[in-house]
Amino acid sequence: MKNTEVASRLYEIADFLEMQDIEYKPRAYRNAARSIEALSEDIEAIHERDELQDIEGVGESIAEKIAEYLDTGELEYYQRLKDDLPVDVEALTRVEGLGPKRVKQLHDALGVATLDDLEDAAEDGRIASVEDFGEQIQENVLEQIETAKRGEERMLLGKIVPTARHLETHLYDAPAFDQVDVVGSFRRHRPTVGDLDILALANDSEQAMETFCTLDAVTEVIERGETRSSVTLSDDLQADLRIVDEASYGAALVYFTGSKDHNITLRDRAIDNDWKLNEYGLFDAEDDKLAGETEAEVYEELGLSWIPPELREETGEIDAAEADALPDLVQPNDIRGDLHVHTTASDGDNTIREMAEHAASNGLEYVLITDHGPALSVVGGPSESEFMDQKEAIDDANDATDVTVLHGLEANITEEGLDISQEWATECDLLVAALHDTPDQPTENVIHAFDAYPVDIFAHPLNRLLNEREPLDFDLDALVETAAEERTAFEINAQPERLDFDWRSVKQYRGDVPFVVSTDAHSTAELDALDLGVAQAQRGWCEGDHVLNTNPLDELLEYFA
DNA sequence: GCCGTTTTCGGCCCGACTGTTTTCAGTCG
C-alpha cells in the first residue's frame, strides 16, 4: 500500500511550488494528497484499473505523475523541483511556525537546507538577523527543533485517553468553564491523534485561558489569545483550547470535530443554498443565523440527520444522513463478551480468576481465555499438557464468578497451519488464530490454516502496529471469502497499538464476514479498553448484527458450531 | 492544477494568532 508515500510526495511538491510563490497549484496538490490519504483502497489497484482520475482532486496532470511514480519509483517533476531548491522542506516545515515561505527565506539568506543547518543558524543567532525574522522566531526554532527532529508521529488514541479525560474533568471543574468537550480526531476515535482539540463554553474567558495555560501538565504556552490558546503538555502532546459563545457552540462542535473533508462537504451543501457555514453557525444569504447552538440543529437545517462523530470521514455518511439511512451503530453496552484474553499462563499479568472477576465487574456475560500457542517461544505459552491443566482453573473461575469462562487458545499461524495439534484444537471451546510475524505468503498461510483447522476467530488480521509496522499485504477478498465459508470471524482488536482490523476494511467487508470486538487484554486494566474497539467498529459502520459478540453465549456458540 | 445544476474559463475557505511590522504576510487548523 503506497497511498501514504504517494501523498507525501504530493505534499512536498506543494511546498516546493509554494516556495516559488506559485498560486493555487499548491492547494491542488494538497487536495489530491489529502484524498489519497483518505482512500480505503490501495492506490496501486486503482492505477491498475486506470482510474486514478476518479480520485477526488486528481486530474490529468497529477494522475500522470502518480502513475509515473508507481511505475518507476521516480518522479521527474519532483526531482527537478528538489534539484532547483535542495531543501529538506518536509522536515523543516515540521518546526512549528515555519512554512514553505519562511524556509525559502532562510535558505536564500543563510543557505539553510536541513534541520541541522537550521539548528546551527539559530544557535549562532543568525536567524534573528534575517529580514522579517527576529529574536522571537529564533527562540521558537530552538524550542521546537527537538520535536521536529523526532518526526511527525501521531499519538495512539488509546494512550491519550487518560490525558484527555483528565484535562476535560479538570477544566470542567474549574469555575470559569461551563462546558468542555474534547473534539477533533479524538472525538471521532481515529486510531491515532495528532493533538488534542478542546472546545469550551466559559463564563469568564480571561480566567478560562489563565486556567488552561497554567495547568500542571502544561510545559509550554505556544500561543495565547482571547478565544484560542495552544500549549504543549508534558507528554509532548499539543493541546488547543477554543472558547466559543453558547449560540455558536453546536456549529463549533461540528467545525472542530471534523474531519476536514466532512466539513468541506457540509460547507458546499450550505453554499448550494446560497448559505454560509462556519464555526459560528449556519447563515442565510442575508447573514441571518439559521442554526448554531446545537449540532443536531446545524445538521437538520442542512437537511441531514445528526451524524455520529465516528462516521464523519466523508465516506458516504452525508448521503446516508440525507436519505435517513445512517447505520444504527453498535454500542459499547451491546458487547456481551470478550473473546481474546491472556493470563499468566503466557504473557499476561493476571490469573484466569482475576481476569474473569474483572470481566464480570465490567458487566460481561462471557470471556474466552486465549493464551498464546507454543510456537511463540518468546512469549512462552502453555504446552498441550499445561493447557489441559488449565481446565481446573477455568472451572474454578466459572464457579467463583458471574461470568461464563470459556477455554480457548490464540494459536499461531505458521506455514504448516497452526502451532498445535488437531486434537488440541478440538479441546478449545473456541479457537483464535493469528499471525505474529511477516510471512512471505500471508494469504496462502492463513487460508491453509482456515482450511486445515476449525479456526473460529482470526485475531488482529492485518498484524499491523500503529506507527511501527505496516499492515500485511493480503488478498483480503480471498481471505474474507474463505473465512465466510469456514464460519471464521474477523477480530476488531482493541489494543491501542493495534486497533486492527482497520476501520476502513471493516466498512468494506461488513456483511461479508462477521466481526468480533475483543480486547486482547494482558492485564485486568486492559479489559477496560473494549470501548476503543467498539469505536473502530462504529467507524466501520457496524450495526449490532455485524458483531457476533453482541449475541448471548448460546447464539454465539451456535454460529461457530 | 482542478473543477463544473454558474461546465472549457475563472474561480479556488477563512478566521485567529504571531511577529515584525506602521498595515500585513505567514502559518495553522
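Notes on the structure follow. Remember, predicted model here, so these are calculated numbers, not experimental data.

Things to note about the packing of helix 1 (residues 3-19) against helix 7 (residues 100-110)
(1) Moving on: Contact pair helix 1 / helix 7: the axes reach a minimum separation of 8 Å and the direction vectors enclose 60°. Taken together, the axis directions place helix 1 and helix 7 in an arrangement best described as oblique. Crossing of helix 1 over helix 7 shows right-handed handedness. Two secondary-structure elements touch here, helix 1 through Asp15, Glu18 and Met19 and helix 7 through Pro100, Lys101, Val103 and Lys104.
(2) Moving on: Here the contact of helix 1 with helix 7 is composed, by residue class, of three nonpolar, no polar and four charged.

Focus on empty space enclosed by the protein
(1) Moving on: Under the criterion given, the structure shown has one cavity of 30 Å³ or more.
(2) Moving on: There is about 70 Å³ of room inside the largest cavity.
(3) Moving on: Taken together, Ala251, Val254, Tyr255, Asn263, Leu266, Arg267, Leu277 and Asn278 form the lining of the largest cavity.
(4) Moving on: Looking at the lining of the largest cavity, the elements that each hand over two or more residues are helix 13 (249-257), helix 14 (260-272) and strand 8 (276-278).
(5) Moving on: When grouped by side-chain class, the residues that make up the lining of the largest cavity number five nonpolar, two polar and one charged.

A look at the protein's contact with DNA strand B
(1) Moving on: For DNA strand B, the set of nearby residues contains 39 residues, the closest of which are Arg27, Gly59, Gly99, Gly134 and Arg224.
(2) Moving on: Sugar plus phosphate, as a fraction of atoms of DNA strand B within 4 Å of the protein: 80%.
(3) Moving on: Interatomic distance of 3.4 Å between a backbone N/O atom of Lys101 and a phosphate oxygen of DNA strand B.
(4) Moving on: A distance of 2.6 Å separates a phosphate oxygen of DNA strand B from a polar backbone atom of Gly134.
(5) Moving on: Of all the secondary structure elements, the ones that give two or more residues to the surface near DNA strand B are helix 2 (25-38), helix 4 (60-72), helix 7, helix 9 (135-150), strand 5 (218-224) and helix 14.

Considerations on the packing of aromatic side chains
(1) Moving on: Applying the stated criterion across every chain yields a total of 11 aromatic pairs.
(2) Moving on: For the ring pair Phe458 and Phe474, a centre distance of 6.4 Å and an interplane angle of 70° mean the geometry is edge-to-face. Of this pair, Phe458 sits in strand 16 (residues 457-458) while Phe474 is found in the loop between strand 16 and helix 21 (476-486), placing the two residues 16 residues apart along the sequence.
(3) Moving on: By relative accessible area, Phe458 is classed as buried at 0%.
(4) Moving on: Take Phe474: its relative accessible area is 12%, and that puts it in the buried class.

What to know about the layout of surface pockets
(1) Moving on: Taken as a whole, the second largest pocket spans an internal volume of roughly 600 Å³.
(2) Moving on: Residue lining of the second largest pocket: 21 residues in total, with Ser35, Ala38, Glu56, Asp261 and Glu314 positioned closest to the centre.
(3) Moving on: The set of elements that each furnish at least two residues to the lining of the second largest pocket consists of helix 2, helix 14 and helix 22 (503-509).
(4) Moving on: Partitioned by chemical class, the residues of the lining of the second largest pocket number five nonpolar, seven polar and nine charged.

Describing helix 21
(1) Moving on: Buried within helix 21 are the following residues: Leu476, Leu479, Val480, Thr482 and Ala483. An end-on view of helix 21 places all buried positions within 165° of arc, on one side of the element. Relative to its buried face, helix 21 has exposed residues pointing more than 90 degrees away, namely Glu481 and Glu485.
(2) Moving on: Residues of helix 21 that are buried in the fold lie against helix 20 (442-452), strand 16, strand 17 (489-493) and helix 22.
(3) Moving on: Following helix 21 by one or two positions, Arg487 adopts a phi angle in the positive range, close to 55°.

Concerning the environment of Ala449
(1) Moving on: Looking at the element boundaries, Ala449 is found in helix 20.
(2) Moving on: Here the alpha-carbon distance between Ala449 and Asp419, two residues 30 residues apart in the chain, equals 10.0 Å.
(3) Moving on: Not counting chain neighbours up to four residues away, the residues in contact with Ala449 comprise Ile413, Gly417, Leu418 and Val455.

A short note on the sheet that holds strand 8
(1) Moving on: Read across the sheet, three strands follow the order 8-9-10 without closing on themselves; strand pairing throughout is antiparallel. Looking at which strands have only one partner, the edges of the open sheet turn out to be strand 8 and strand 10 (289-291). Ignoring which end each strand starts from, the neighbouring axes of this sheet average 30° apart.
(2) Moving on: Both strand 8 and strand 9 (residues 281-283) contribute to a ladder of three bridges, which runs antiparallel. Along strand 9, the bridge assignment pairs Leu277 with Leu282.

Rules used throughout
Residues numbered from 1 in each chain as written. Chains lettered and ligands numbered in written order. Predicted model: local features only at pLDDT ≥ 70, side-chain atom pairs only at ≥ 80, totals over all residues. Heavy atoms only, no water. Axes fitted to C-alpha atoms, helices over the stretch in contact; angles between N-to-C directions. Helix = DSSP H or I, 4+ residues; strand = E, 2+ residues; numbered from the N terminus. Parallel < 35°, antiparallel > 145°, perpendicular 65-115°, else oblique. Left-handed = near helix turned anticlockwise from the far one by under 90°. Contact = heavy atoms within 4.5 Å. Nonpolar A, V, L, I, M, F, W, Y, C, P; charged D, E, K, R; others polar. 1 Å grid on protein atoms, 1.4 Å probe; cavity = no way out; pocket = protein on both sides within 12 Å on 5 of 7 lines; lining within 4 Å. Points joined across faces, edges and corners; volume = space filled by probe spheres on them. Near = heavy atom within 4 Å. Polar contact = N/O pair within 3.5 Å; in protein donor to acceptor, adjacent residues only side chain to side chain. Phe/Tyr/Trp six-rings, centres within 6.5 Å; stacked < 30°, edge-to-face > 60°. Buried < 20%, exposed > 50% of the residue type's maximum accessible area, 1.4 Å probe, protein only. Arc of directions from axis to C-beta. Pairing = 2+ DSSP bridges.

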